[in-house]
Amino acid sequence: MAAPVAAAAARAVRWAGRVAAAGPLLLGPEEQDRLLRDQPDQPQNPKVLRIAIIGAPNAGKSTLSNQLLGRKVFPVSRKVHTTRCKAWGVITYEDTQLIILDTPGLTSPFKAKRHKLDEAMLTDPWDSMKHADLVLVLVDVSDHWTRNCLSEEVLKCLSQFPQIPSVLVLNKVDLVKKKFILLELVTELTEGIVNGKKLEVRSAFKHNSGSSAKSSLQITQASPPESRAREPHCLQETDQAQEGSNLASNGDMSVSKSSLVTEEAQGPKRYGPRDLKNMKGWPYFQEIFMLAALRGEEVDTLKRYLLMQAKPGPWEFHSGVLTSQSPQEICDNIIREKILEYLPLEVPYGVIQVTEMWEEGPSGELLIVQNLLVPRKSHMMMLIGRGGKVISRIAQEAGQDLMNAFLCDVRLKLKVEMKS
């Protein structure tokens, strides 16, 4: 009995040291399972907020979730449908717990069939909305083809749950060179209404090509939530027209006139399919944020706002839990992320992952062997690569990400086989 007890004590010391060194930590398999089973610890006056993040595929939902959490928990790829099922991330700060419901991108049945997606890819975003206290709608403003209107699937989701407060988040603003475009997008994506009031923006801009993401955010950012009553976060409301509002220049643009005119608007209502087809935006957003999730710009501002929106209620997770995913699920996601990056077109969506070994070595290292099953020999050759270069690179990069996630040495071996 002494040996197992000593080994467990050694593991506890190692994990404690890693927590002290790294802050938010993904727990080992045993610790994670135990804390997910146990009743959550509760502060004296707990507060909680469940946040659903929805948007079109590849809008940056998982990247934003990871930045809010402070550690890479959800897979990220340039290809669509990297997130295959809903997963919860947990932020615990003092007496407040934020539960982030990271969901697959809202998509149509036709596109789901094309990418060989499970039915859960269609239903998970809707299920997350049922549990949410607040919804963040993420829009990729660098995508010239989709940025001018919310997708039909997003509008359907918002219309189905009009009682849930919604916030518009414009992502990748650092990639937009002409910053006045952001004002136009705000007007289109909100149908000209923010926080229950009609919004009219009249501006004349002189554009300077030397723009940066940081300066643009300073132009459009209002004061932090702590120092103001409820106002749109990027466009400050006023009861009468004003000269030189918070959209004033800071190097990118100079504003000769900028005024915001507001008037009361009606509350949320349900829209029929015919109504949604004629809509480009959602007129019931309470707040607007502009950020660059990949670079972490203005993410802390959004995080502070979310903490302020929490309401009294019991915590749902132990304060030591960072995600509802098991370590094995995190491992699968990280490997799949690399497969998506290195395989072309639709090929990676047909790969099936089977974990053959998951063990902790004598020195605390994690030993993982995973088998990758592909439907065709041509796919197997692509995954292996000439001289095994592709599969070796995937294993190397995934192994490094796993070490960063679990803060321990990881020995990852990947095998490729044809489906029987």
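Residues numbered from 1 in each chain as written. Predicted model: local features only at pLDDT ≥ 70, side-chain atom pairs only at ≥ 80, totals over all residues. Heavy atoms only, no water.

### Quick look at the overall build of the protein chain
- Within the protein chain, the regular secondary structure consists of 13 helices and 13 strands.
- Considering the protein chain as a whole, with its 420 residues, one finds that 50% of them fall into the buried category.
- Carbon and sulfur atoms make up 52% of the accessible area of the protein chain, which amounts to about 20100 Å² in all. (Helix = DSSP H or I, 4+ residues; strand = E, 2+ residues; numbered from the N terminus. Buried < 20%, exposed > 50% of the residue type's maximum accessible area, 1.4 Å probe, protein only. Areas by Shrake-Rupley, 256 points an atom, 1.4 Å probe, with all protein chains shown as cover.)

### As for the sheet that holds strand S12 (residues 366-374)
- Pairing is mixed across the open sheet formed by three strands, whose spatial order is S11-S12-S13. Unpaired on one side and paired on the other, strand S11 (352-360) and strand S13 (410-418) mark the two borders of the sheet. When strand polarity is set aside, the average angle formed by the axes of neighbouring strands in this sheet is 15°.
- One ladder, built from nine bridges, connects S12 with S13; its direction is parallel. (Pairing = 2+ DSSP bridges. Axes fitted to C-alpha atoms, helices over the stretch in contact; angles between N-to-C directions.)

### Focus: the confidence of the model for the protein chain
- Averaged over all residues, the pLDDT of the protein chain equals 76, while 69% of them reach at least 70.
- This stretch, residues 15-23, has a pLDDT under 50; its non-local contacts, to residues over four places away or in other chains, come to 15 contacts. (pLDDT = per-residue confidence, 0-100. Contact = heavy atoms within 4.5 Å.)

### Quick word on the pairing of strand S4 (residues 134-140)
- Among the seven residues in S4, seven count as buried, and that is most of the element.
- Looking at chain direction, strand S1 (residues 47-55) and S4 are connected through five bridges and run parallel. Across the sheet, Ile 53 pairs through a bridge with Leu 136, a residue of S4.
- Direction of pairing for S4 relative to strand S5 (residues 166-171): parallel, over a ladder of six bridges. Bridged to Val 135 within S5 is Ser 166.

### With respect to unusual backbone geometry
- At Glu 191, a residue that is not glycine, the phi angle is positive and equals roughly 55°.
- Structurally, Glu 191 is set in the loop between helix H7 (180-189) and strand S6 (193-194).
- With a phi close to 70°, Glu 298 is a non-glycine residue in the positive phi region.
- For Glu 298, the position within the fold is in the loop between strand S9 (285-290) and helix H10 (299-309).

### Focus: the environment of Val 135
- Here Val 135 is to be found in strand S4.
- For Val 135, a relative accessible area of 0% gives the class buried.
- Along the backbone, Val 135 and Val 167 are 32 residues apart, and their C-alpha atoms lie at a distance of 6.3 Å.
- When near neighbours in sequence (up to four residues on either side) are disregarded, Val 135 contacts Ala 52, Ile 54, Met 129, Leu 158, Ile 164, Pro 165, Ser 166 and Val 167.

### Let's talk about the side chain of Asp 140
- Summarising the element assignment, Asp 140 is placed in strand S4.
- At 2.6 Å, the side chain of Asp 140 and the side chain of Ser 142 are in polar contact.
- Excluding residues that lie within four positions of it along the chain, Asp 140 makes contacts with Asn 58, Ala 59, Arg 147, Asn 171 and Lys 172. (Polar contact = N/O pair within 3.5 Å; in protein donor to acceptor, adjacent residues only side chain to side chain.)

### Here's the deal with the nonpolar core
- Leu 150, Leu 158, Leu 170 and Trp 282 are the most contacted members of the largest nonpolar core, which has 41 residues in total.
- Of all the elements in the fold, those that place two or more residues in this core are S1, strand S3 (96-102), S4, helix H6 (152-160), S5, H7 and S9.
- It is H7 that contributes the most residues to this core, five residues altogether.
- Ile 53, Ala 59, Leu 98 and Leu 322 belong to the second largest nonpolar core, which has 28 residues in total. (Core = buried A, V, L, I, M, F, W, Y, C linked by side-chain atoms within 4.5 Å.)

### Details of the packing of helix H11 (residues 327-342) against helix H13 (residues 389-406)
- Across the interface, H11 lies against H13 with an axial gap of 9 Å and an inter-helix angle of 140°. By the angle between their axes, H11 is oblique relative to H13. The handedness of the crossing between H11 and H13 comes out as right-handed. In this structure, H11 uses Pro 327, Ile 330, Cys 331, Ile 334, Ile 335, Glu 337, Lys 338, Ile 339 and Tyr 342 to contact H13, whose residues at the interface are Val 390, Arg 393, Ile 394, Glu 397, Ala 398, Asp 401, Leu 402 and Phe 406. (Parallel < 35°, antiparallel > 145°, perpendicular 65-115°, else oblique. Left-handed = near helix turned anticlockwise from the far one by under 90°.)

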